[in-house]
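Geometric and topological summary
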Amino acid sequence: MLRQSRAEVLKDTWIDNQDVLQTLHISKRTLQTLRTNGTLPYSKVKGKFYYRVADIEQLLQDNYYNHNFKQDGNK
């Protein structure tokens, strides 16, 4: 059996509002907007919101922009 790397293990973990706010350096209102418009999936348990690390990574990846490359990926 192969051991999972720390990054792979973290992808399967859930973090709460405070962790997301600190990680992304965003306001509570911005996080609420990301939930409301469906940009960031979440789970709500007894009034507390949780987010999968993998979903946050996907959000960042989907919005990744590198000005050194053109739209088609070529320099």
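The structure under discussion appears in the preceding block.
Described in the following lines is the structure provided in the data block. (Residues numbered from 1 in each chain as written. Predicted model: local features only at pLDDT ≥ 70, side-chain atom pairs only at ≥ 80, totals over all residues. Heavy atoms only, no water.)

1. Overview of unusual backbone geometry
A negative phi angle characterises most non-glycine residues, just as the trans form characterises most peptide bonds. Cut-off, in case you're wondering: In DSSP terms, a helix is any run of H or I states spanning at least four residues, a strand is any run of E spanning at least two, and both are numbered starting from the N terminus. Working definition: with a 1.4 Å probe on protein chains only, accessible area under 20% of the residue-type maximum means buried, over 50% means exposed, and in between means partly exposed.
In this model, histidine 25 sits at a positive phi of 55°, which is unusual for a non-glycine residue. By secondary structure assignment, the location of histidine 25 is in the loop between helix 2 (17–24) and helix 3 (28–36). A positive phi angle is found at lysine 46, which is not glycine, with a value near 50°. Here lysine 46 shows up in the loop between strand 2 (43–45) and strand 3 (48–52). With relative accessibility at 86%, the residue lysine 46 sits in the exposed group.

2. Description of the packing of helix 2 against helix 3
Counted only if it meets this: Every angle, taken between N-to-C directions, lies between 0 and 180 degrees, and every axis is a line fitted to C-alpha atoms, over only the stretch in contact when it is a helix. To sort the angles, those under 35 degrees are grouped as roughly parallel, those over 145 as roughly antiparallel, those from 65 to 115 as roughly perpendicular, and the leftovers as oblique. Throughout, a contact is declared for two residues whenever any of their heavy atoms are within 4.5 Å. Under the grouping applied here, Gly and all other residues not named as nonpolar or charged are polar, the nonpolar ones being Ala, Val, Leu, Ile, Met, Phe, Trp, Tyr, Cys and Pro and the charged ones Asp, Glu, Lys and Arg.
Axis separation between helix 2 and helix 3 bottoms out at 10 Å; the angle between their running directions is 105°. One finds that helix 2 runs roughly perpendicular with respect to helix 3. In this structure, helix 2 contributes Asn17, Val20 and Leu21 to the contact, and helix 3 contributes Lys28, Leu31 and Arg35. The class makeup of the residues in the contact of helix 2 with helix 3 is three nonpolar, one polar and two charged.

Any link to function would need more than the numbers given here.
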